[in-house]
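Residues per chain are reported as follows:
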Amino acid sequence: MPETLKTTCPLDCPDTCALGVTVEDGKITSIGAAENGHPVTGGFICSKVRRFGERVYSGERLLYPMRRTGPKGAGKFERISWDEAIAEIVARFREVQKKWGGEAILPYHYGGSNGWMTDGTLDDLLFARLGASRLGRTLCAAHATEVALGMYGKMPGVAFEDFVHARFIVIWGANPKASNIHLVPFLREAKRRGAFIATVDPAQNFSDAETDLHLPVYPGADLPLALGMIHYWEERGRFDREFLAKHATGLDTLLAAAREWPLERAAQTARVAADGIRKLADKWAETSPALLRLGWGVERNRNAGQAMAAVLAMPALLGKFGVRGGGYTLSNGGAGKLDNTRLLGELKWQTRELNMTQLGELLNDRLDPPVKALFIYNCNPAATVPDQKAVLRGLSREDLFTVLHEQVMTDTAAYADILLPATTFLEHYDVRKAYGSYVVGGVRPVIAARGEARSNIEVFGALGRALGFTDAPFAWDDATWVRNLAAATHMSGKHPAAEKLAAGGCETYDFPGKGPVLFQDIYPLTADKKIHLAPACLGAAPYRYAPVEDAEHPLAMISPSTSRLISSTLGEFNLAELRLTLHPDDAAARGIGEGDRVRVFNRLGEVVCRAKVSGRVRPGVVSMPKGAWRRASLNGFTATALCPATVSEVAGQACYNDARVQVEAVRR
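Remember, predicted model here, so these are calculated numbers, not experimental data.

Q: If you had to explain the packing of helix H11 (residues 263–270) against helix H12 (residues 274–286) to someone new, which residues and values would you point to?
A: Where H11 meets H12, the axes come as close as 9 Å, and the angle between the chain directions of the two elements is 115°. Regarding the angle of H11 to H12, the classification is roughly perpendicular. Pair H11 / H12 crosses with right-handed handedness. Contacts between H11 and H12 involve Leu-263, Glu-264 and Ala-267 on the former and, on the latter, Ala-274, Ile-277 and Arg-278. Tallied by class, residues from the contact of H11 with H12 come to four nonpolar, no polar and two charged.

The structure is reproduced here in structure tokens:
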């Protein structure tokens, strides 16, 4: 008889949905939404997760440990046992330690689609004990984290379900239709109730019927746009001076920068109409409750830290807090905290930190000590890390010992020396703190692990024991992990129930109520409880703007999430063909038509794919989906082959949207 089991989706998305997985004779037959008290799932889930069974039962699934037998990149392996795999990894790590020191070992992972059991706990303990290099995780959210901490102490924001109370909503640098779909019904309800909804984005993701205004900002120019609006408000006396005097510091620094950006100059630099900026600024200032939904698209360029700070300052300048549906939403992950010291004890890991965005440089340049061993898990760097050609060149080094723990044969897997089969989230336990919806969810196995696949906890535990480490967590079983994680998790004054998490349920917060009213139920988590409008993380020249210009490559390329891919997860089947979207004017100027084969290129490399002509992107901008696998293009390269490995001043984050390219038709 079929049985429907509850669990939580941990994939990289703010929603963190409650799932109901139907299993018959030990096999998944369907995946849908579960009704278990989740505040936003609302009876539907995205098509990506509905199809996740295709990954579980894919012919490309890794089912047992393997050792490389051919050249790196050729994808030739032989089956070995787990005992052999663990022994070889331990021997090679010890050999590297002896000759080069522990810092020659680099753990490489991201973990956007993981909870606390599978990223950032036992793995950190293992590599700390090895004395390995630390990884600066900068592909995404580094800017947002630094700026949100510096300005508001990472104060949680408005709950998705409270968007219906807003009468003004601006969605800046986010596409909920692709990466936050459970916000969309609340936006529609807010619109039905009369809310004015605006979007600021190089691409138009909503129809004219769904929104009232769209500002197609040029990539990387969010900072002058925001400063121009702030200057406009100051000139017209729109600031809530009483609120600012009571709750904010650093106003003078921000205003000094904004005064350099009269509205007309800001409009010219951001390549948007000045009248559109005025309309947005006036509506925001005169409407309440007013709400900002700030997305991670803003942070994919060199100006991003400053831009994020300027945009996050705007609700404070107008005093749009203290009412339900007013303020901002960025990441709500600050509402839940894990006491790692209680969980793992004092973890002193003070080795060098290497920036993951610069993996190609790290593997190809002469570091001291060099990276001689690489352990990759929870990510697919061959597809997702900037300067793809340099990354592939580094992964091809014969003297680099590479271990990969993965679910399927990804682009990166072909370069591994040892392949370890990983469980999917439907085959292991985890505890997932949402960063959008206000839940902490339990992830539980709904089927037995396929083949010889093992979870991260099992792998890092086995390695720790084999290396002779005696810390208790290396021996904990799943039940102990869930129980100890629950006890170390703080949710607005309470701990989640371990039994509920182990059963795949979710726990909600109480602020009081499911969502906080900012500056009523919750205040900045900074040391002085104030908003810092000029946070130290912005450096010596806060709000400085640095344009990206390249006359030979005049088109700005963005690589956003889509309804098919938020990361490279599921790229093996969910994006069969890579396409470049161009505005009709840019296509016509180059003699390019719908479906034509095109060459997209710059100094770093080139991608050959087919063209899609659409007014959805603004003139001067082209769009290529992120997360695509190499097989999806016509020459084996994807968007990251065109993205520079430069990092921003704030937080050292990747600057994907600083890619500047030229496009030409490929004539046969």
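Next comes the rest of the write-up.
Q: Quick rundown of the side chain of Thr-287? Include the residues and the values.
A: Relative to the helices and strands, Thr-287 resides in the loop between H12 and strand S12 (290–294). Here the side chain of Thr-287 touches Lys-283 through a polar contact of 2.7 Å, landing on its backbone oxygen. Excluding anything up to four places from it in sequence, Thr-287 contacts Arg-167, Phe-168 and Lys-320.

Q: Which residues make up the sheet that holds strand S13 (residues 327–329), and what are the values?
A: Reading across from one edge, S10-S9-S8-S12-S13 is the order of the five strands in this open sheet, with parallel pairing throughout. Looking at strand neighbours, the two that pair on one side only are strand S10 (213–215) and S13, the edges of this open sheet. Averaged over all pairs of adjacent strands, the angle between their axes in this sheet comes to 15°, without regard to strand direction. Judged from the three bridges that link them, S12 and S13 form a sheet pairing that is parallel. Each bridged residue has a counterpart across the sheet, and for Leu-291 the counterpart in S13 is Gly-327. Across the sheet, helix H8 (residues 222–235) touches strand S8 (168–172), strand S9 (196–200) and S10, and the angle it forms with S8 is around 155°. Sheet strands in contact with helix H13 (residues 304–318) are S8, S12 and S13, and its direction is about 160° off that of S12.

Q: Which residues make up unusual backbone geometry, and what values go with them?
A: With an omega of -5°, the peptide bond running from Ser-288 to Pro-289 counts as cis. Among the secondary structure elements, Pro-289 is positioned in the loop between H12 and S12. The residue after Asp-368, namely Pro-369, is reached through a cis peptide bond having omega 0°. Topologically, Pro-369 is positioned in the loop between helix H15 (359–364) and strand S16 (373–377).

Q: Residues and numbers for empty space enclosed by the protein, please.
A: Counted by the stated rule, this structure contains two cavities of 30 Å³ or more. If you add up the space inside the largest cavity, you get close to 230 Å³. Lining the largest cavity are 22 residues, and of these Cys-13, Cys-46, Lys-48, Val-49 and Ile-566 lie nearest its centre. At the level of secondary structure, the elements contributing two or more residues to the lining of the largest cavity comprise helix H1 (47–50) and helix H6 (176–179). Each pocket or cavity is described by its volume, and for the second largest cavity that value is around 40 Å³.

Q: With reference to specific residues and values, describe the state of the cysteines.
A: Note on terminology: a disulfide is the covalent bond linking the sulfur atoms of two cysteines. Enumeration according to the criterion identifies zero disulfides in this entry. Left without a disulfide partner, Cys-537 is nearest to the cysteine sulfur of Cys-655, which lies 15 Å away. There is no disulfide at Cys-609, and the cysteine sulfur nearest it, in Cys-643, is 13 Å away.

Q: Can you break down helix H3 (residues 82–100) residue by residue, with the values?
A: The terminal C-alpha atoms of H3, which comprises 19 residues, lie 26 Å apart, in line with the 27 Å expected from a rise of 1.5 Å per residue. Buried residues in H3 make contact with strand S6 (105–109), helix H4 (122–130), S16, strand S17 (401–406), strand S18 (418–421) and helix H18 (456–466). Backbone geometry just downstream of H3 places Gly-101 in the positive-phi region, at approximately 95°.

Q: Talk me through the packing of H8 against helix H10 (residues 251–258); I want residue IDs and the actual numbers.
A: Between H8 and H10, the shortest axis-to-axis distance is 8 Å and the interhelical angle comes to 105°. In terms of axis orientation, H8 runs roughly perpendicular to H10. Each of Leu-227, Ile-230, His-231 and Glu-234 in H8 lies in contact with H10, whose residues at this interface are Leu-254, Leu-255, Ala-257 and Ala-258. Split into classes, the residues belonging to the contact of H8 with H10 amount to six nonpolar, one polar and one charged.

Q: I'd like a rundown of the environment of Gly-605, residues and numbers included.
A: Structurally, the position occupied by Gly-605 is in the loop between strand S26 (597–601) and strand S27 (606–613). Judged by its relative accessible area of 12%, Gly-605 is buried. When the C-alpha positions of Gly-605 and Phe-637 are compared, they lie 8.5 Å apart, and in sequence the two are 32 residues distant.

Cut-offs used in this document
- Residues numbered from 1 in each chain as written.
- Predicted model: local features only at pLDDT ≥ 70, side-chain atom pairs only at ≥ 80, totals over all residues.
- Heavy atoms only, no water.
- Axes fitted to C-alpha atoms, helices over the stretch in contact; angles between N-to-C directions.
- Helix = DSSP H or I, 4+ residues; strand = E, 2+ residues; numbered from the N terminus.
- Parallel < 35°, antiparallel > 145°, perpendicular 65-115°, else oblique.
- Left-handed = near helix turned anticlockwise from the far one by under 90°.
- Contact = heavy atoms within 4.5 Å.
- Nonpolar A, V, L, I, M, F, W, Y, C, P; charged D, E, K, R; others polar.
- Polar contact = N/O pair within 3.5 Å; in protein donor to acceptor, adjacent residues only side chain to side chain.
- Pairing = 2+ DSSP bridges.
- 1 Å grid on protein atoms, 1.4 Å probe; cavity = no way out; pocket = protein on both sides within 12 Å on 5 of 7 lines; lining within 4 Å.
- Points joined across faces, edges and corners; volume = space filled by probe spheres on them.
- Disulfide = S-S within 2.5 Å.
- Expected span 1.5 Å × (residues − 1).
- Buried < 20%, exposed > 50% of the residue type's maximum accessible area, 1.4 Å probe, protein only.

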